[in-house]
Amino acid sequence: MASASVSALNSNSLENSSSKNVSRESLRMEPLTNIPYLPGEEKVTDKEIIYMCPFNGAVKGKVTITNYRLYFKSFEVDPSIILDVPLGVLSRIEKMGGASSRGENSYGLEITCKDMRSLRFALKQEGHSRRDIFDSLFKFAFPQSHNMPFFAFLSQEKFLENGWNVYSPINEYKRQGLPNEKWRITFVNEKYELCDTYPTILVVPFKASDEDLRRVAVFRSRGRIPILSWIHPENQAVIMRCSQPLVGMSGKRNKDDEKYLDVIREANGQTAKLIIYDARPNVNAVANKATGGGYEGEDAYQNAELIFLDIHNIHVMRESLKKLKDIVYPNVEESHWLSSLESTHWLEHIKLVLSGAIQVADKVSSGNSVVVHCSDGWDRTAQLTSLSMLMLDSYFRTIYGFEVLVQKEWISFGHKFSSRIGHGDKNHTDADRSPIFLQFIDCVWQMTKQFPTAFEFNEHFLITIVDHLYSCRFGTFLFNCESVRDSQEVKLKTPSLWSLINSNIEKYTNPFYTKDSSRVLYPVASMRHLDLWVNYYIRWNPRIRQQPQNLVEQRYMELLALRDQYLKKLEELQLSDSPRISNNSANSPVSPNQIVHQIQTQF
């Protein structure tokens, strides 16, 4: 495996344009030449600065701040060192040192990023030299804290495909064979009155009236009642998602909620007992009773079986990722690598999420309907439903299908992207922040590694999604729920990430993909079969031996290109030969060998 070059420090994986070695003088004359401006992007300020590169030491160059990115290019280094960081990636900006600080390069800025990096810049200690850079970064990196719009609302980008057309709830439910005699589509939440964090179009049991749903909503946290996510095409078992029941310390009961879960069970004749998967550890679910929450007790829900999956909460996941960042950036201690990685518990959490999803998929595959929830039903619940659907339904393993899955289970059903990522918010210590969606994408990557021919998309597709989870270049992941997106007119005023991807789909396609519509995937969720996603978490470190593109995949792509080249040549030869062949055809018969020229392919 080849080590990544220093020039790979470019932080925007989508715009990795090659940079030529440029002298200091030419940079002064043409400061904007190599900055890949987007339509709607404008320069705010620039300044000569020193980048304290953790791998190369102090590097002089120029930093340019726009309303979308921080762009640094070195002066006298060959190859040039480039930093191209969307401002949405910035989590924290701090001043380093003061006017009286001593020591070389002790005065400047320190920036913490959401994509595993930290950046340090030094300036000369004269006349508040960092003030304009700090103020510009702080203002445009945290627009929501300054009553400013996200860059996505300023973008003028145009694409061949409109990504907002990817997901239609009615079309997706129709693909699943819904509605039918057991399940109906309801518009009871059309004005977000039943639940302000649910979408407007919901699928519920045919026997449950809208009034029943309203009564159930009173007993479920945030009004997030059990709603159908997926139905098995053959055995008609379903995956339902919801939030915890509001049992409380006194052990409250709600006959409407109990009856509703029984109606769900009866909708599939094969389900003797409805399986309820509570994503939380048992002790956490019990503790939630103190704040009015809880779980489905055996006495109240006699036709249900409750299983706890022991997946920890958002705070545990946040601390785990912090520990992971500490061991991967800027330095990796290879001599203690395995013990350091184990101490983060990151792969342990990945294992528990995957293991839970496998249990859900297996139960549904065997004909049992299931209900999945955590506390509020928008974090661990989304992980479990979407991963189990990915295992059960090959459609979601296509590029378009995966986009639908993300739009449906995460965006539409109210995963709190704004709170979990902290889009445009300066409050980096917010306890609501947590890498729940990143964890889901990591689980998907683990599956693609175990089943390399089962997914239409490649690793670059997954990395692109995570990069733009933070960038604020697209409206796709902005805000917490559909009701807020509707009020902000996100679909009308911002571009979709799927527009970018679907306009250049070959870039994100796995050449080894083999369509198999009936196959259920059960990944091995043991620590021996899980790996750290090096190409994402450690991609910024040029000293670590990066995992290159699969050599077989690379060779296969080369052969496909060669094949296309020869087919084109063959077509040209046939066209050039056709007049001669037609002239001779009246005189003598022509064998196929005379028409088709044999072309030898060199391997």
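Residues numbered from 1 in each chain as written. Predicted model: local features only at pLDDT ≥ 70, side-chain atom pairs only at ≥ 80, totals over all residues. Heavy atoms only, no water.

(A) Broad picture of the overall build of the chain. Scanning the chain from terminus to terminus reveals 20 helices and 14 strands. Buried positions account for 54% of the 603 residues belonging to the chain. When contacts within the chain are restricted to residue pairs at least 6 apart in sequence, long-range pairs at least 24 apart make up 72% of them. (Helix = DSSP H or I, 4+ residues; strand = E, 2+ residues; numbered from the N terminus. Buried < 20%, exposed > 50% of the residue type's maximum accessible area, 1.4 Å probe, protein only. Contact = heavy atoms within 4.5 Å.)

(B) Focus on the packing of helix α13 (residues 436-450) against helix α14 (residues 459-471). Across the interface, α13 lies against α14 with an axial gap of 10 Å and an inter-helix angle of 175°. Our classification of the angle between α13 and α14 gives roughly antiparallel. Facing α13, whose interface residues are Phe437, Leu438, Ile441, Val444 and Trp445, α14 presents Glu459, Leu462, Ile465, Val466, Leu469 and Tyr470. Here the residues of the contact of α13 with α14 are counted per class, giving ten nonpolar, no polar and one charged. (Axes fitted to C-alpha atoms, helices over the stretch in contact; angles between N-to-C directions. Parallel < 35°, antiparallel > 145°, perpendicular 65-115°, else oblique. Nonpolar A, V, L, I, M, F, W, Y, C, P; charged D, E, K, R; others polar.)

(C) The arrangement of the nonpolar core in detail. Within the largest apolar cluster, 117 residues are counted, with the highest numbers of intra-cluster contacts made by Leu137, Leu324, Phe402, Phe437, Phe440, Ile465 and Tyr537. For this core, the element with the highest residue contribution is helix α9 (residues 346-365), accounting for ten residues. For this core, the domains that each give at least three residues are domain 1 (19-141) and domain 2 (163-545). Apart from the residues within four sequence positions on either side, Tyr537 is in contact with Met116, Leu321, Leu324, Val328, Trp346, Leu438, Asp442 and Leu532. In this structure, Tyr198, Val203, Val238 and Tyr301 belong to the second largest nonpolar core, which totals 35 residues. (Core = buried A, V, L, I, M, F, W, Y, C linked by side-chain atoms within 4.5 Å. Domains from an automatic or database assignment.)

(D) Summary view of the sheet that holds strand β10 (residues 227-231). Pairing within the open sheet is mixed, and its five strands lie in the order β10-β11-β14-β12-β13. If you trace the sheet from one side to the other, it starts and ends with β10 and β13 (304-308), each paired once. Taking each pair of neighbouring strands and ignoring which way they run, the sheet shows an average axis angle of 25°. Judged from the five bridges that link them, strand β12 (residues 274-278) and β13 form a sheet pairing that is parallel. Opposite Tyr277, over in β13, you have Ile307 as the bridge partner. Packing against the sheet, helix α5 (residues 255-267) makes contact with β11 (238-242) and β12, and its axis sits at approximately 120° to β12. Relative to the sheet, helix α10 (residues 380-392) contacts β10, β11 and β14 (370-373), its axis offset from that of β11 by approximately 165°. (Pairing = 2+ DSSP bridges.)

(E) A look at unusual backbone geometry. Residue Pro79 is bonded to the preceding Asp78 through a cis peptide linkage, with omega at 0°. With respect to the helices, strands and loops of the structure, Pro79 is situated in the loop between β3 (69-74) and β4 (82-86). For the bond from Tyr329 to Pro330, the omega torsion is 0°, close enough to zero to count as cis. Residue position: Pro330 is located in the loop between α7 (314-328) and α8 (337-344).

(F) Broad picture of the sheet that holds strand β2 (residues 57-66). Pairing within the open sheet is antiparallel, and its seven strands lie in the order β4-β3-β2-β1-β7-β6-β5. Two strands in the sheet have a free side with no partner beyond their single neighbour: β4 and β5 (90-96). Neighbour-to-neighbour, the strand axes of this sheet turn through a mean angle of 30°, independent of strand direction.

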